[in-house]
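# Descriptive structure summary
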Amino acid sequence: PIYLLWLRDHSTHWRATCRYNTDGTVYTDYLRASLEDFDIIKDVSTVVDTCRPYEYVNIRGNECVNCTALTGYKRGIFPLHLDSYFTHLSCDLDASKTAINNEDNFGMYSSTNPKFRCTSNSSDTTQLWIGGK
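This write-up is about the structure you can find in this document.

Rules of the game
- Residues numbered from 1 in each chain as written.
- Predicted model: local features only at pLDDT ≥ 70, side-chain atom pairs only at ≥ 80, totals over all residues.
- Heavy atoms only, no water.
- 1 Å grid on protein atoms, 1.4 Å probe; cavity = no way out; pocket = protein on both sides within 12 Å on 5 of 7 lines; lining within 4 Å.
- Points joined across faces, edges and corners; volume = space filled by probe spheres on them.
- Helix = DSSP H or I, 4+ residues; strand = E, 2+ residues; numbered from the N terminus.
- Buried < 20%, exposed > 50% of the residue type's maximum accessible area, 1.4 Å probe, protein only.
- Contact = heavy atoms within 4.5 Å.

### Let's talk about empty space enclosed by the protein
To locate leftover empty space, one rolls a probe as large as a water molecule over the atoms. All chains considered together, the criterion is met by one cavity of 30 Å³ or more. Put simply, the largest cavity is a space of about 80 Å³. The wall of the largest cavity is formed by Ile59, Ala69, Leu70, Leu82, Asp83, Ser84, Phe86, Thr87, Cys91, Leu93, Asp94 and Ala95. Elements represented by at least two residues in the lining of the largest cavity include exactly β4 (62-74) and β5 (78-83).

Structure below.
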């Protein structure tokens, strides 16, 4: 834990990417957030499904800039992820039109969408990064 705090204190942003090991940085199915606005290291567990701030989010081509997206996380129960299927909390990002039933993105994959680059096939990967912009 002390190494994560050191990393946090020397970083400004975090991001999630898909298939970086094969595709490099691609801005479709990608997110970036400021640690100042949404600190995934020091932040307390949120109630599942809360609007959280992001600098940029793109899920299957649905994107928003300086916006909120429906984010779920509860320590020990649900890993950090975005819910693109549900829009009931009126977050800025609405990716529900092209979502499948109960689709999750960037970390929890109860229902997977083959159109989402992190889950388009069984060998795809999701990466979380912490560092500078």
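Next comes the rest of the account.
### Observations regarding the environment of Phe116
Tracing the sequence through the fold places Phe116 in the loop between β6 (104-105) and β7 (126-131). A relative accessible area of 0% places Phe116 in the buried class. Distance in space between the C-alpha atoms of Phe116 and Asn105 is 8.0 Å, their sequence separation being 11 residues. Look past the residues within four positions of Phe116 in its chain and what remains in contact with it is Cys18, Asp29, Ile59, Arg60, Glu103, Asn105, Phe106 and Tyr109.

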